[in-house]
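Architecture and fold: a report
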Amino acid sequence: MKVVPKTHALKKLIYAIYVFALMVFFYPVRIALRLFKVLVYILEKKSMGDKLDKKKKVVVIGGGFAGSTVAKKLQHYLDVTLIDTKNYFEFTPSVLRTLVDVDHLKKIQIIHGDYLPNTSVLQGKAEFVNMDENKVMYSPFVNEAENDVPQLKKKEIDYDYLVLCSGSSYNPPFKNPNLIISTRAVELANCSDRIDKSQKLIMIGGGTVTVELCGEIIDKYPDKEIVIVHSRESLISRAPKKAQDYVTNWLLKYNVTIMYKERVILESVKPVDHEDGTQTMIMETNSGKTIEGDMVFLCTGILSPNSEFLKGDDNDDNDNDNNNNNIKKEKESVSIFYYFFF
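Residues numbered from 1 in each chain as written. Predicted model: local features only at pLDDT ≥ 70, side-chain atom pairs only at ≥ 80, totals over all residues. Heavy atoms only, no water.

1. A short note on the sheet that holds strand β17 (residues 295-298)
Ordered by their spatial adjacency, 4 strands build an open sheet running β13-β12-β11-β17, and the pairing between neighbours is parallel. Because the sheet does not close on itself, it has two edges, and the strands there are β13 (257-259) and β17. Going from strand to strand, the sheet's axes swing by 15° on average, the running direction of each strand aside. Here strand β12 (residues 225-229) runs beside β13; their pairing, made up of 3 bridges, is parallel. Bridge pairing in β13 places I228 opposite I258. Across the sheet, helix α6 (residues 208-220) is in contact with β11 (200-204), β12 and β17; its angle to β11 comes to roughly 165°. (Pairing = 2+ DSSP bridges. Helix = DSSP H or I, 4+ residues; strand = E, 2+ residues; numbered from the N terminus. Axes fitted to C-alpha atoms, helices over the stretch in contact; angles between N-to-C directions. Contact = heavy atoms within 4.5 Å.)

2. What to know about the packing of aromatic side chains
All chains considered together, the criterion is met by 3 aromatic pairs. Note on F65 and F91: the rings are 5.6 Å apart at their centroids and 80° apart in plane angle, and the pair reads as edge-to-face. With F65 in helix α2 (residues 65-74) and F91 in the loop between β3 (88-90) and α3 (95-98), the pair connects residues that are 26 residues apart, well separated along the chain. Overall, F65 belongs to the partly exposed group, its relative accessible area being 43%. Each ring, one from W250 and one from Y254, has its centre 4.8 Å from the other, and the planes form 50°; the classification is tilted. We classify W250 as partly exposed; its relative accessible area is 28%. The class of Y254 is partly exposed, set by a relative accessible area of 28%. (Phe/Tyr/Trp six-rings, centres within 6.5 Å; stacked < 30°, edge-to-face > 60°. Buried < 20%, exposed > 50% of the residue type's maximum accessible area, 1.4 Å probe, protein only.)

Next comes the structure, spelled out in structure tokens:
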């Protein structure tokens, strides 16, 4: 029979007492400390809320990624107003997917009011910012035949703090301002239907939008003919060469025609009616080549920042008025170009 030394038994007893002490004393103290930290956090947050004057007015112009985030973060502490040309937030990078899968639209849109319960949401266009008087002049939108148009009568709103998140403009259908969520759905559904019925698609531009759109279309319609007209020597020119080569080889694998160093002359674009009742678009490049297709996408990058409201109001000098008019004409010509194709 083996005899256990008394010193060994004593060590076991001491260890058991130590474990018991941890369970009885240490863990409750640890839990109490955590509860104390939570209490301090809540009190600090409440104190911060008390310090922020809820009567202070914050006006956020633009309801994209930045504007929606700012409004959501501040709405519980300040009087926040969001001015946006749309009545919804849209995850723009996923719009390309909706052109071949309309049901995907439900996953990338949400009405502003649904996630901004404590924010005043105004659908309209910012026209002018008077920084001397802390006022924003805007044109509220009214729905006419399911197209939002600005009212002739402008309104003003005061602010203590102004946050500019107006973003930039891009060609439709990738971005399209002045729409309600239901109208936007109809627009993308019509575009998706047109893609389905088209056999030959022309992409003007060779950046990331073109590449991703080609990928989406090929994934669903691998037999469609696609032509890319690009003014540079390589696709996605800002990407590493390894990525450029991978994209190019993948597109060529699916028989995509890539025309490098060619620029479409927009003024040459015109419709052609055929005897069977169909219509195609024909255009010329700067080198004199003729291209014809059923549908065209203009993927030439960002048009301009949405900052016209910072340039001046009706009382500014003629130079500013002329500048604003030129910008408006450029945007109108792009819109005409798009709707001409669709």
